[in-house]
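Residue-level listing of the chains:
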Amino acid sequence: MCATNLKEQLHTDPVLAKAAVGEEVFWINPKLQSAAQGLASQELGMEDILDAQARLDRFAPFLQLCFPETAPQKGLIESPLTPIPAMQKWLEERFEATIPGQLLLKQDSHLAIAGSVKARGGIYEVLQHTEELARKGGLLQPGESYAKLAGPEARNFFRQYTIQVGSTGNLGLSIGITSAAIGYRVIVHMSADAKQWKKDLLREKGAEVMEYSADYSEAVKQGRAKSDANPKSYFIDDENSRSLFLGYAVAALRLKDQLANQNISVDEEHPLFVTIPCGVGGAPGGVSFGLKQVFGDNVHCFFVEPTQAPCMLTGMVTGLHNQVSVQDLGLSGHTEADGLAVGRPSGFVGRVMEPLLSGEVTIKDEKLYAFLQGITDTEGIFLEPSACAAFQGPAELLKQPAGQAYAAAQGLTPVRLANSAHIAWATGGALVPQNIREQYLLQAR
Ligand SMILES: *Cc1c(COP(=O)(O)O)cnc(C)c1O
């Protein structure tokens, strides 16, 4: 049934047909609704995001002790929002991009502890689980400072529990590093696309790494089965986790303050465009969900995926979500953007984003390296290839006729566009070792 559906759509849907032969595509979501409508029917809401934010605040004293690198920000894990005018000019000159207004970089690439966007969702879920265990175990009395959880008594307590996760690399890094530091036994199930240095770093930090020759979905499946067999093991389920999703969504509340502090307005006269690299969907979905809650119709969220692994695009265009894979489309699923090397999207995220996502772009691997070179040369900022996909949004959006038509349909007049802000959400890079950075830069030449 699904296969027939897909074959029919390949003939009738020009975007899908183009994606199926590995070409770059630009897709506007025909199911986009007003923010009010799109948010009304959701199982999660603003109160859930506020609850997540409050939990992170409770853990701040603990994080400062456990991870001294978070002390300057008082246990808050947050990244800079940086104007990148030289990169903006470079994109306009080299790629004939049309970027009215201001281009900014959200540097989740430089988040503490994990050096990627996974420091939001991954760490949040480990903390939520930790809070639950600590309360049940009588380690935490109501009102007590969470600093206590960094002490030897707590470490001994957490040692009896295991945390497991399936990952293409960065989620494993975030959960592995955090869990090991808290005292858990932690097992990371890594897919074939995971980079060697990420596995090495995890082992160095005290995590166990299981390697699979199969893709991400298989690593998740194996991890889930192994965890389910152990009553003291907790599995972090990237494909379905509400907790991860809410951890990512908190970013929107923080971004609101950052924009205000930089005197950047977001309102009807000042639209905000955000492009976020997408793997299984949790990170870009959670962040975008938060952004729609905070900025409503004034924020326009786009996802970007590699041309060989556009799983969310495939799920969204067909409406089949996790019932379809990029392999069904005839694509390999392989990409240098290891964080985005996912063949089957999260059905949970796809359904949440269906009425909220403005659209999607895809990007060829060689262009990731061009952007990597560009951001290094123009701004002196290093990003990993997956994160560089974020520039494809601003590069293509208003160059493409479909993007121009979208802007017109949204009432985004030239004056409003001139007042716009564009955020490329840089999702990873700070932990990449120097020798690998040099390899990437060589590859870009
Ligand atoms: C994980 C990851 C993403 C995408 O997040 P998903 O939740 O898998 O969609 C993007 N960029 C980088 C660098 C990542 O590690």
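Just above, that's the structure.
If you're wondering where the values come from, they're calculated on a predicted model, not measured in any experiment.

Criteria and cut-off values
- Residues numbered from 1 in each chain as written.
- Predicted model: local features only at pLDDT ≥ 70, side-chain atom pairs only at ≥ 80, totals over all residues.
- Heavy atoms only, no water.
- Buried < 20%, exposed > 50% of the residue type's maximum accessible area, 1.4 Å probe, protein only.
- Helix = DSSP H or I, 4+ residues; strand = E, 2+ residues; numbered from the N terminus.
- Contact = heavy atoms within 4.5 Å.
- Pairing = 2+ DSSP bridges.
- Axes fitted to C-alpha atoms, helices over the stretch in contact; angles between N-to-C directions.
- Phe/Tyr/Trp six-rings, centres within 6.5 Å; stacked < 30°, edge-to-face > 60°.
- Polar contact = N/O pair within 3.5 Å; in protein donor to acceptor, adjacent residues only side chain to side chain.
- Right-handed = clockwise from strand over helix to strand, strands pointing away.
- Parallel < 35°, antiparallel > 145°, perpendicular 65-115°, else oblique.
- Left-handed = near helix turned anticlockwise from the far one by under 90°.
- Nonpolar A, V, L, I, M, F, W, Y, C, P; charged D, E, K, R; others polar.

Points about helix H9 (residues 196–204)
Within H9, the full set of buried residues consists of Trp 197, Lys 198, Lys 199, Leu 201 and Leu 202. In this structure, the buried residues of H9 make contact with helix H8 (170–182), strand E5 (185–190), strand E6 (208–211) and helix H20 (434–444). At the C-terminal side of H9, Gly 206 shows a positive phi close to 100°.

Thoughts on the sheet that holds strand E4 (residues 162–167)
Read across the open sheet, the four strands follow the order E6-E5-E4-E7; overall the sheet is parallel. Of all the strands in the sheet, the pair left with one neighbour each is E6 and strand E7 (233–236). Within the sheet, the average angular offset between the axes of one strand and its neighbour, ignoring direction, is 20°. Across six bridges, the pairing between E4 and E5 is parallel. Bridge pairing in E5 places Thr 162 opposite Arg 185. Where helix H6 (residues 118–136) meets the sheet, it contacts E4 and E7, and its direction lies at approximately 150° from that of E7. In this fold helix H10 (residues 216–228) packs onto E4, E5, E6 and E7, with an angle of close to 165° to the strand it touches most, E4.

Side note on the packing of aromatic side chains
Going through the model one piece at a time under the given rule, you end up with 15 aromatic pairs. Geometrically, the ring pair formed by Phe 371 and Phe 391 is edge-to-face, given 6.0 Å between the ring centres and 80° between the ring planes. Of this pair, Phe 371 sits in helix H15 (residues 365–379) while Phe 391 is found in the loop between helix H16 (385–388) and helix H17 (392–396), placing the two residues 20 residues apart along the sequence. In this structure Phe 391 comes out as buried when scored by relative accessible area, which is 1%.

Overview of the sheet that holds strand E10 (residues 359–363)
Spatially, seven strands are ordered E1-E10-E9-E8-E11-E3-E2 in an open sheet, and the strand pairing comes out mixed. In this open sheet, the two strands that pair with only one neighbour each are strand E1 (26–28) and strand E2 (81–83). When strand polarity is set aside, the average angle formed by the axes of neighbouring strands in this sheet is 25°. Bridging between strand E8 (residues 272–277) and strand E9 (residues 299–306) involves six bridges; their strand directions are parallel. Within E9, the residue paired with Phe 273 across the bridge is His 300. Most of the contacts of helix H18 (residues 401–409) go to E1, to which it runs at about 25°, and overall it touches E1 and E9.

Digging into the environment of Arg 437
For Arg 437, the position within the fold is in helix H20. Along the backbone, Arg 437 and Glu 384 are 53 residues apart, and their C-alpha atoms lie at a distance of 8.1 Å. With residues up to four places along the chain from it excluded, the contact list for Arg 437 reads Phe 382, Gly 429, Ala 430 and Val 432. There is a polar contact of 3.1 Å between the side chain of Arg 437 and the backbone oxygen of Ala 430.

Focus on the pairing of E8
Within E8, six of the six residues are buried, which leaves it mostly tucked inside the rest of the structure. The parallel pair E8 and E9 is bridged by helix H12 (residues 282–295), and the resulting crossover is right-handed. With four bridges joining them, E8 and strand E11 (residues 421–426) adopt parallel strand pairing. The residue bridging Thr 275 from the neighbouring strand is Ala 424, located in E11.

A few points about the packing of H15 against H20
Between H15 and H20, whose axes approach to 8 Å, the crossing angle comes to 110°. Our classification of the angle between H15 and H20 gives roughly perpendicular. When the axes of H15 and H20 are compared, the crossing they make is left-handed. For the pair formed by H15 and H20, the contact residues are Tyr 369, Leu 372, Gln 373 and Thr 376 on the first element and Tyr 440, Leu 441, Gln 443 and Ala 444 on the second. Across the contact of H15 with H20, the residue classes tally to five nonpolar, three polar and no charged.

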